[in-house]
Amino acid sequence: MESTLAVAGPDGLLRCPWGVAPEDYREYHDTEWGRPVRGDDALFERLCLEAFQSGLSWLTILRRRSGFRAAFAGFSIEKVAAFTEEDVTRLLADPGIIRNRLKIEATISNARVAAEWAAGELTELIWSHAPRSADRPAPSGPGDIPATTPESTALAKELKKRGFRFVGPTTAYALMQACGLVDDHLADCHVRRGRPRRT
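Summary of the structure given here. Model, not experiment: these values are computed from the prediction.

**A closer look at the overall build of the chain**
And then number 1: Along the chain, the regular secondary structure elements total 11 helices and two strands.
And then number 2: Start at the N end of the chain and walk to the C end: the helices and strands fall as β-β-α-α-α-α-α-α-α-α-α-α-α.
And then number 3: Taking 16 Å as the expected radius of gyration for a compact globule of 199 residues, we find that the chain reaches 17 Å, a close match to that expectation.
And then number 4: In terms of its C-alpha atoms, the chain occupies a principal-axis envelope of roughly 60 × 35 × 25 Å.
And then number 5: Counting over 199 residues, the chain shows a buried share of 48%.
And then number 6: Contacts spanning at least 24 positions in sequence make up 66% of the contacts within the chain whose residues lie at least 6 apart.
And then number 7: Carbon and sulfur atoms provide 53% of the accessible area of the chain, an area that totals close to 9800 Å².
And then number 8: Averaging the coordinates of the 27 positive side-chain charges in the chain and doing the same for the 27 negative ones gives two points 2 Å apart.

Encoded structure:
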């Protein structure tokens with residue numbers, strides 16, 4: 001029998017080890033993580049959540065996502081860019097999110113930067129850093145998945161150059177994984193095997 005580093009879930013399907021349990025992770029793994037995300041507001045949301053996750057468990061963010069969406073006006077770039085100091089005070093008192101002043105202020109600042117760009121510019125910038133999938137073999141196990149890549153380092157550098165905050169190479173790579181710029185589902189994961197590969 002061929003060995004695999006993917007793990008069988010309660011339904012018998014092989015998954016990346018982190019996506020087996022709890023149910024929050026399993027649902028996110030099977031339906032969202034690694035699937036292509038486009039659209040400025042949608043990518044802004046993912047970028048913000050990855051920044052809030054820094055130093056924390058992704059499960060902590062995932063379980064507060066509805067709270068984040070409510071607190072940050074659905075991550076509308078235009079609306080968040082208009083937030084004031086009163087909104088910062090409101091957010092610091094909101095138990096539905098991570099109440100970190102630096103991350104809250106960075107989110108608002110980043111929205112103000114992105115609000116100055118043309119429609120689609122954030123999407124184009126992020127996706128311009130996607131590597132060709134043909135150059136990336138499917139990972140056999142978690143040890144084959146890097147924390148950063150030259151592409152994520154370049155993306156973080158470009159975002160910082162344009163005025164974004166809280167976007168280091170690790171955060172940028174987590175964004176690339178979450179939004180389908182790279183496919184880091186393990187080779188034997190049912191999600192990777194069950195969908196066409198991007199070229």
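**Let's talk about helix 1 (residues 23-31)**
And then number 1: Residues Tyr25, Arg26, Tyr28, His29 and Asp30 constitute the buried set of helix 1.
And then number 2: For helix 1, the elements touching its buried residues are strand 2 (14-15), helix 2 (40-53), helix 3 (58-62), helix 4 (65-71), helix 10 (169-178) and helix 11 (190-193).

**Considerations on the nonpolar core**
And then number 1: Residues Phe68, Phe72, Leu159 and Phe164 are the most contacted members of the largest nonpolar core, which totals 49 residues.
And then number 2: Among the elements that make up this core, the one with the highest residue count is helix 2 (six residues).
And then number 3: Beyond its immediate stretch of four places on either side in the chain, phenylalanine 68 contacts Leu49, Phe52, Ile61, Phe75, Gly96, Ile97 and Ile98.
And then number 4: In terms of nonpolar packing, the next biggest core, distinct from the first, is built from five residues, Ala6, Leu186, Cys189 and Val191 among them.

Cut-offs used in this document
- Residues numbered from 1 in each chain as written.
- Predicted model: local features only at pLDDT ≥ 70, side-chain atom pairs only at ≥ 80, totals over all residues.
- Heavy atoms only, no water.
- Helix = DSSP H or I, 4+ residues; strand = E, 2+ residues; numbered from the N terminus.
- Rg over C-alpha atoms; globule rule 2.2 N^0.38 Å.
- Buried < 20%, exposed > 50% of the residue type's maximum accessible area, 1.4 Å probe, protein only.
- Contact = heavy atoms within 4.5 Å.
- Areas by Shrake-Rupley, 256 points an atom, 1.4 Å probe, with all protein chains shown as cover.
- Lys, Arg positive; Asp, Glu negative; His and termini not counted.
- Charge placed at Lys NZ, Arg CZ, Asp CG, Glu CD.
- Core = buried A, V, L, I, M, F, W, Y, C linked by side-chain atoms within 4.5 Å.

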